[in-house]
Amino acid sequence: MPTPKKGARLGGSPAHQKLIISNLATALFENGRITTTEAKARHLRPVAEKLITKAKKGDLHNRREVLKTIRDKSVVHTLFTEIAEQFAERPGGYTRITKIGPRKGDNAPMAVIELVNEAYEPKTKAAPAAAAPAAAPVEEKVEEKVEEAPVEETAADETTEAAAEEAPAAETTEDEAKA
């Protein structure tokens, strides 16, 4: 676990903060979701993500590194066998924090931190490929206009024609908007 930042800590001392985060991580992996304060959830998220990443590697060294933080062997076994398999395809973003409003007693902002259960669907690269051909015709039109520019009469005629072509196109979009 990284060295705690200077300033206010969860619980008072760095050692106590480390124990709080360790217990929260154990509860998260044991139950799948926990309700805690926003501050604790934000401190827990990077620790939990790193532990899951170590569990995905699955070797003995990483198991011992996880055991430094989570001291319950049954939870570590669950993390390495079930949770790591669940996130095998996902490159990151294993947890989700959802704000749920203030606590009744002391008005502390509360949040739910949970493991993401949805199946991972990698984004396809079809959208950028479709955008590239659309840019190519624009460049060709610019080159054609540059070649025809030395003749002054033709350039003026093209400008009038281009304006005439754009006007009906604008009218059809307005008609479509009304419909």
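### Focus on the overall build of the protein
Okay, step 1: Of the regular secondary structure elements, the protein holds 6 helices and 3 strands.
Okay, step 2: Overall, the protein shows an N-to-C arrangement of helices and strands of α-β-α-α-α-β-β-α-α.
Okay, step 3: Taking all 179 residues of the protein together, 26% fall into the buried category.
Okay, step 4: Roughly 12600 Å² of accessible area belongs to the protein as shown, and the carbon and sulfur atoms make up 54% of that amount.

### What about the environment of Thr 36?
Okay, step 1: Along the chain, the position of Thr 36 falls in strand β1 (residues 33–37).
Okay, step 2: Once the C-alpha coordinates of Thr 36 and Pro 109 are considered, the two residues, 73 residues apart in sequence, prove to be 8.8 Å apart.
Okay, step 3: Sequence-distant contacts of Thr 36, that is, excluding residues within four places in its chain, are made with Leu 24, Ala 41, Met 110, Ala 111 and Ile 113.

### Notes on the nonpolar core
One recurring pattern in soluble globular proteins is that nonpolar side chains are buried together.
Okay, step 1: Counting residues in each nonpolar core, the largest one holds 29 residues, and the members touching the most others are Phe 29, Leu 44, Ile 52, Ile 70 and Leu 79.
Okay, step 2: Elements with a minimum of two residues in this core: α1 (14–31), α2 (38–57), α4 (73–86) and β3 (109–115).
Okay, step 3: At 7 residues, the largest contribution of residues to this core is made by α2.
Okay, step 4: Among all residues touching Phe 29, those that are not within four sequence positions of it are Ala 48, Leu 51, Ile 52, Ile 70, Val 75, Leu 79, Ile 83 and Leu 115.

### Observations regarding the pairing of β3
Okay, step 1: Of all the 7 residues making up β3, 6 are buried; the element is thus mostly covered by neighbouring parts of the structure.
Okay, step 2: Relative to β3, β1 runs antiparallel, the two being bridged by 5 bridges. Its bridge partner lying in β3, Thr 37 is registered against Met 110.
Okay, step 3: Alignment of strand β2 (residues 95–102) against β3, held across 7 bridges, turns out to be antiparallel. When the bridges of β3 are listed, Pro 102 appears paired with Pro 109.
Okay, step 4: Counting the residues in the hairpin turn of β2 and β3 gives 6 residues, including Asn 107, whose phi is positive at 65 degrees.

### Focus: helix α3 (residues 60–69)
Okay, step 1: Along α3, the residues that are buried comprise Asn 62, Val 66 and Thr 69. The buried residues of α3 occupy an angular sector of 45 degrees when projected down its axis, which confines them to one face. Relative to its buried face, α3 has exposed residues pointing more than 90 degrees away, namely Leu 60, His 61, Arg 64 and Lys 68.
Okay, step 2: Its buried side turned inward, α3 meets α1, α2 and α4.

### A short note on the packing of α2 against α4
Okay, step 1: Contact geometry of α2 with α4 gives a least axis separation of 9 Å together with a crossing angle of 95 degrees. In terms of orientation, α2 lies roughly perpendicular with respect to α4. Residues Leu 51, Ile 52, Lys 54, Ala 55 and Lys 56 of α2 touch α4, and the partners they reach there are Leu 79, Phe 80, Ile 83 and Ala 84.
Okay, step 2: Across the contact of α2 with α4, the residue classes break down as 7 nonpolar, no polar and 2 charged.

The rules behind each value
Residues numbered from 1 in each chain as written. Predicted model: local features only at pLDDT ≥ 70, side-chain atom pairs only at ≥ 80, totals over all residues. Heavy atoms only, no water. Helix = DSSP H or I, 4+ residues; strand = E, 2+ residues; numbered from the N terminus. Buried < 20%, exposed > 50% of the residue type's maximum accessible area, 1.4 Å probe, protein only. Areas by Shrake-Rupley, 256 points an atom, 1.4 Å probe, with all protein chains shown as cover. Contact = heavy atoms within 4.5 Å. Core = buried A, V, L, I, M, F, W, Y, C linked by side-chain atoms within 4.5 Å. Pairing = 2+ DSSP bridges. Arc of directions from axis to C-beta. Axes fitted to C-alpha atoms, helices over the stretch in contact; angles between N-to-C directions. Parallel < 35°, antiparallel > 145°, perpendicular 65-115°, else oblique. Nonpolar A, V, L, I, M, F, W, Y, C, P; charged D, E, K, R; others polar.

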